[in-house]
Amino acid sequence: MPPADQSHPFATFPVAGKGLRPYFTPGLTSDNYTTFAGGQMATPVPYYANEHDDLIDSRAAARELVNYTVLKFITTAMSCPFDVSKTLLQVQYMPHEDAEVVASKSSSSSDEHDQHKEYNEAEFSEEEDNENDDFYGTGDTTLNTAASFNHDDPEFKQHMDVDASGYVIRKSVYDDATRPSYQLKPLDAGVWQGIGRLMKQPHEGWRALFKGQYTNWLFEIAHLFFQPTLEGVLNDVFDLYDDTIPLVHLDRVGPNLATLVGSNLIVGFLLSPLELIRTRLVVQSSSPLYRKYRGPLHALKTILAEEGGLRGLYLSSHHLIPTILYHTITPLLQNTTPLIIDRLFKISANDSPFLYSLAELGLNTLEVVITLPLDTIRKRMQCQIRSRVPGKKRFAPVVALRPVPYTGVMDACYRIVKEEGGRRKKGKKRGLLTGMGLRGLYQGFGMQCSSNVILFVLHAINGVEDDYEDF
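The paragraphs below set out a description of the structure included in this document. (Residues numbered from 1 in each chain as written. Predicted model: local features only at pLDDT ≥ 70, side-chain atom pairs only at ≥ 80, totals over all residues. Heavy atoms only, no water.)

1. Comments concerning the overall build of the chain
Secondary structure assignment for the chain yields 16 helices and 2 strands. The buried share of the chain, taken over its 471 residues, is 39%. As displayed, the chain has an accessible area near 28,100 Å², and 60% of this comes from carbon and sulfur atoms. (Helix = DSSP H or I, 4+ residues; strand = E, 2+ residues; numbered from the N terminus. Buried < 20%, exposed > 50% of the residue type's maximum accessible area, 1.4 Å probe, protein only. Areas by Shrake-Rupley, 256 points an atom, 1.4 Å probe, with all protein chains shown as cover.)

Right under this line is the structure:
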């Protein structure tokens, strides 16, 4: 029996002879390998010698974590104006004039009565509201009290349809006369028009461009922490390869892809209330008179009180099904892109960086084509409040929403395609995007494609520079 190392009584190994490779022994040296000099064993390094290095590594990791969270907050703030405008474009109701759906008289009367009641309740605090007006960057705290009531004025003689209670019935989202004062005109010229309209709208201003930014940042950080952790746990449970190994380097990608998509789905489902709150905060009016939610915590508290608690927050069909579809399809498409390029197109990023970037651009565009309609339907259904406690403030959107709620994902898709496409000019025929309503499903498509093209150009330039340096 060969002698044992007396400094490590539980580790027995033969004495290395000439020409033998040193054996691995945990804890002997910093490199975890035995070393020999003149036939004698090197002095072992104590196990606790690396505790100081571990402490330094922990502090460095904590510092990097703080830096990343701050950087993420800055990047979400930079992209927030574009996300807010895109969300408003997605949820707004832009029907054909011959296919527009109008709310029934009873629902219109109820909403107008609630609005009139809210106005009367807020009338006694007019001075406080005026002080809060400038909080949203409008710079104007004066009210228009010089309205003319001359009976010879044509607007005074204009005929308006009213319901049984005497309230005006809004027949079209394009009617300026019956549009609420807090609501924007229909947005039909893209993201930049939405940003400009918000900045000019009373009670909105530049602060409205950052609505929901904190909630979005919180969702991104929480998803970053929870998703990889859950994926690692699932891989350990099913005895799969480490989740740090890219899928493209695995022989069997099915099990690891399933745990990746499953972890994204579970975490996305658990964090879906943050997405709901963000959408509501973005779409609601910022006017103190009509604002329903004062912030993320107040929005969560109000939704739990009015819409059925946790069951209504997670398990209602108009929230559950779109959430499952979106958080399943999106990570599946995003993570199979490198696999398709490598194994189906046979393109290597090292050998052909330009072709690889071009294929990536095409697949990313295809991903937008598939996921953008689903995201649009999901956000529209997030704006629907199906149950409301009597006496509470109604949801006042800053853009026009469909007055009749959708019953499900398929119903929303069918109604958007059938009814929407924007207001047409006289004598103009229906096109593919406007006539079939595809424009309503693809609001914000140009912005996302532009970002993909910019990334493609940057990657192409980087690849050309690398090739030039190699040459």
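On we go.
2. Here we look at the packing of aromatic side chains
According to the stated counting rule, one finds 9 aromatic pairs in the structure shown. Note on Phe82 and Trp192: the rings are 5.3 Å apart at their centroids and 90° apart in plane angle, and the pair reads as edge-to-face. Taken together, the residues Phe82 in helix α1 (residues 51-91) and Trp192 in helix α5 (residues 191-200) connect sequence positions 110 residues apart. In this structure Phe82 comes out as partly exposed when scored by relative accessible area, which is 28%. Each ring, one from Tyr293 and one from Phe395, has its centre 6.2 Å from the other, and the planes form 45°; the classification is tilted. Residue Tyr293 is found in the loop between α8 (272-283) and α9 (296-306), and its partner Phe395 is found in the loop between α12 (353-382) and α13 (409-419); the two are separated by 102 residues along the sequence. Both residues of the pair, Tyr293 and Phe395, belong to the buried class. (Phe/Tyr/Trp six-rings, centres within 6.5 Å; stacked < 30°, edge-to-face > 60°.)

3. Details of the pattern of salt bridges
This structure, assessed with the given rule, holds 9 salt bridges. Between Asp375 and Arg378 there is a salt bridge, and its shortest N-O distance comes to 2.9 Å. Linking Asp375 with Arg378, this pair stays in helix α12, spanning 3 residues, or about one helical turn. For Asp375, a relative accessible area of 6% corresponds to the buried category. In this structure, the salt-bridge partner of Arg415 is Asp411, at a minimum N-O distance of 3.2 Å. Placement of both Arg415 and Asp411 in helix α13 is noted, with a separation of 4 residues, approximately one turn of the helix. Classification of Arg415 as partly exposed rests on a relative accessible area of 27%. Looking at Asp411, the relative accessible area reads 18%, which means it is buried. (Salt bridge = Lys/Arg side-chain N within 4 Å of Asp/Glu carboxyl O.)

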